[in-house]
Amino acid sequence: MAEVFFYHLKERPLEAALPQLLLKCLERGWRCVVQAASPERVDALDQHLWTYDDASFLPHGTDRQPEPHRQPILLTDGESNPNGAQVRFLVEAAELDDASPYLRVIHMFDDREPAHIERARHSWKAARAAGHEVAYWQQDAQGRWTRK
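Predicted model, so just to flag it, every value in this text is computed and none were measured. (Residues numbered from 1 in each chain as written. Predicted model: local features only at pLDDT ≥ 70, side-chain atom pairs only at ≥ 80, totals over all residues. Heavy atoms only, no water.)

Colleague: What is the right way to read the packing of aromatic side chains from this model?
Modeller: Any pair of aromatic rings gets described here by the distance separating the centres and the angle formed by the planes. Within the structure shown, the criterion is met by six aromatic pairs. Ring plane angle 50° and centroid distance 6.5 Å describe the contact between F5 and Y7, whose orientation is recorded as tilted. We note that F5, like Y7, is buried. Centroid distance Y7 to W145: 4.7 Å. Interplanar angle 85°. Geometry classified as edge-to-face. Here the residue Y7 occupies a position in strand β1 (residues 3–9), and W145 occupies one in strand β8 (residues 145–147), the gap between them amounting to 138 residues. A residue is classified by how much of its surface remains accessible, and Y7, at 7% relative accessible area, is buried. Judged by relative accessible area, W145 falls into the partly exposed class, the value being 22%. (Phe/Tyr/Trp six-rings, centres within 6.5 Å; stacked < 30°, edge-to-face > 60°. Buried < 20%, exposed > 50% of the residue type's maximum accessible area, 1.4 Å probe, protein only. Helix = DSSP H or I, 4+ residues; strand = E, 2+ residues; numbered from the N terminus.)

Colleague: Sorry, what's going on with the nonpolar core here?
Modeller: Soluble globular proteins: nonpolar side chains tend toward being buried together. Grouped together as the largest cluster of nonpolar side chains are 27 residues, with contacts concentrated most on L18, L22, V34, L45, F89 and M108. Listing elements by their share of this core, those giving two or more residues are β1, α1 (14–27), β2 (32–35), α2 (39–51), β4 (73–76), β5 (87–91), β6 (104–110) and β7 (133–139). The greatest single-element share of this core, amounting to six residues, is contributed by α1. Filtering out sequence-adjacent residues up to four positions away, V34 remains in contact with L18, L22, L45, I73, L74, L75, T76, F89 and V91. Counting residues in each nonpolar core, the second largest holds 16 residues, with V33, L90, A99 and V134 among its members. (Core = buried A, V, L, I, M, F, W, Y, C linked by side-chain atoms within 4.5 Å. Contact = heavy atoms within 4.5 Å.)

Dropping the structure here:
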């Protein structure tokens, strides 16, 4: 069974929080796939991950580019996993039918988007019903994560 984590973005936007979580995954040797809700959002995240920090970048690509299987971080708007990721990020209410192929599935949802909150509640119930270990994390005022 997968660990299914829910990260509630309250203080900082996805663009600030996602790179930090991706870095932690890479430090553990995990490959990641980030699933967004649209091709346009995939393109925006692709650009952001190259420029989010002047001192570094996150090695990544999209599933529309050549050799997606070689990417340590793959951005997509679909459910495929061509890079053999152990961790799947679901952003902006993206949906995944089956979490079991992953070590960890991370739902990131924005406090300012009621539809994202409702989708996260639905996903929480479905993950628990499927027998996955679930956990809820919330940002504090400094952007640090606290397990609730």
